[in-house]
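# Structure assessment
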Protein chains: 2
Amino acid sequence: MRLTVLIRPKTGILDPQGEAVQTSLEALGFAVAEARVGRLVELEIDTDDEVRAIAEVERMCGELLANPLIESYEIVRRPA
Amino acid sequence: MRLTVLIRPKTGILDPQGEAVQTSLEALGFAVAEARVGRLVELEIDTDDEVRAIAEVERMCGELLANPLIESYEIVRRPA
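What comes next is a walk through the structure. (Residues numbered from 1 in each chain as written. Chains lettered and ligands numbered in written order. Predicted model: local features only at pLDDT ≥ 70, side-chain atom pairs only at ≥ 80, totals over all residues. Heavy atoms only, no water.)

## Describing the overall build of chain A
Put simply, the rule reads: Under the DSSP-based scheme used, a helix requires at least four consecutive residues in state H or I and a strand at least two consecutive residues in state E, with every element numbered from the N terminus. Each radius of gyration reported is based on C-alpha atoms, and the globular scaling rule is 2.2 Å times the count of residues to the power 0.38. For every residue, the accessible area obtained with a 1.4 Å probe (protein chains only) is divided by the maximum for its type, and the residue is called buried under 20%, exposed over 50%, and partly exposed between those limits. All accessibility values rest on the Shrake-Rupley procedure with a 1.4 Å probe; residue burial counts only the protein chains present in the view.
For chain A, the helix and strand inventory stands at two helices and three strands. Against the 2.2 N^0.38 benchmark of 12 Å for 80 residues, chain A shows a C-alpha radius of gyration of 16 Å, more extended than a compact globule. Principal-axis analysis of the C-alpha atoms gives chain A an extent of 45 × 30 × 15 Å. Sorting the 80 residues of chain A into buried and exposed places 42% on the buried side. Surface summary for chain A: the accessible area is close to 4,400 Å², and the carbon and sulfur share equals 52%.

## Brief notes about the interface of chain A and chain B
Basically, it comes down to this: The contact criterion used is simple: two residues touch if any of their non-hydrogen atoms lie within 4.5 Å. Defined here as a combined quantity, buried area equals the accessible surface (1.4 Å probe) lost by two parts on assembly, summed across both. In the sections that follow, a salt bridge refers to a side-chain nitrogen of Lys or Arg positioned within 4 Å of a carboxyl oxygen of Asp or Glu. In protein, a polar contact means a hydrogen-donor-capable atom and an acceptor-capable atom, both N or O and within 3.5 Å, with residues adjacent in sequence counting only if both atoms are side-chain atoms; elsewhere, any N or O pair within 3.5 Å suffices. Classes in brief: Ala, Val, Leu, Ile, Met, Phe, Trp, Tyr, Cys and Pro nonpolar; Asp, Glu, Lys and Arg charged; the others, Gly included, polar. Two strands qualify as a pair provided that DSSP identifies no fewer than 2 bridges between them.
Every contact between the two is made by 34 residues of chain A and, on the other side, 34 residues of chain B. Buried area between chain A and chain B, summed over both chains or domains, comes out near 2,900 Å², and the portion from carbon and sulfur atoms is 61%. Three residues, R8, F30 and L40 of chain A, lead the burial of chain A against chain B; their summed loss comes to 21% of the area buried on that side. In this assembly, chain A and chain B are joined by four salt bridges. With its nearest N and O atoms 2.7 Å apart, the salt bridge here joins R8 of chain A to E42 of chain B. For the pair chain A and chain B, the number of links is 12 residue pairs in polar contact (both at pLDDT 80 or more). Secondary-structure elements contributing two or more residues to the side of chain A that touches chain B are β1 (2-9), α1 (16-27), β2 (34-44) and α2 (50-65) of chain A. Considering every element that reaches the side of chain A that touches chain B, the biggest residue donor is β2 of chain A, with 11 residues. Partitioning the side of chain A that touches chain B into residue classes produces 18 nonpolar, three polar and 13 charged. Relative to strand β2 (residues 34-44) of chain B, β2 of chain A runs antiparallel, the two being bridged by 11 bridges. By the bridge assignment for β2 of chain B, V41 of chain A is matched with V37 of chain B.

## Quick notes on α1 of chain A
Given 3.6 residues per helical turn, the α-helix brings residues three or four places apart onto the same face. Rule in force here: Helix span, expected: 1.5 Å multiplied by one less than the number of residues in the helix.
Taking 1.5 Å of rise per residue, the 12 residues of α1 of chain A would be expected to cover 16 Å, and the 16 Å separating its terminal C-alpha atoms lies within 8% of that figure. Buried residues belonging to α1 of chain A abut β2 of chain A together with β2 and α2 (50-65) of chain B. Positive phi shows up at G29 of chain A, right after α1 of chain A, with a value of about 100°.

## Let's talk about the relation of the copies chain A and chain B
Rule in force here: Copies overlap after least-squares fitting; the atoms used are the C-alpha atoms of residues with pLDDT of at least 70 in both.
When chain A is fitted onto chain B, the two copies agree to an RMSD of 0.0 Å after a turn of 180° and an axial shift of 0.0 Å. Interpreted geometrically, this transformation is the action of a two-fold axis. Residue R39 of chain A of chain A places its C-alpha closer to the rotation axis than any other residue of that unit, at 2.2 Å. In this assembly, 100% of the residues forming the interface of chain A have copies in chain B that are likewise at the interface, indicating an isologous arrangement.

Written out as structure tokens, the structure reads:
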């Protein structure tokens, strides 16, 4: 089963990478009110049990993938 | 309007960051068949015209956000 983790800087947390992207887009002539940059981790888990896979990925987020102090995450199932 | 761009390494393209995540997850005792790491860019565009906003973000991807040689991207609309 393939699950995707979307990791974003929490609201209010400074996001220098997002600011750089916004500045660069504006320099190219695009109008952007805000840009935030996060990470995407796509995981292939050897199970068909969605509940179990999501619980496992939750634990991965807590232990390695996300920093709960400054990032929020969302686990989504994607079509293969 | 808030649009999210999901940027992933193309299939077959070496993804050292993904390999590092997989190795680290396995070292922590998790069973992961594959891990791929990409980026997520969330953009706030000052328009309510979804077709126009998506066309604009397509151009941003071509000019700055993604490297079409090694990355694929997907533009998704997210609830506010």
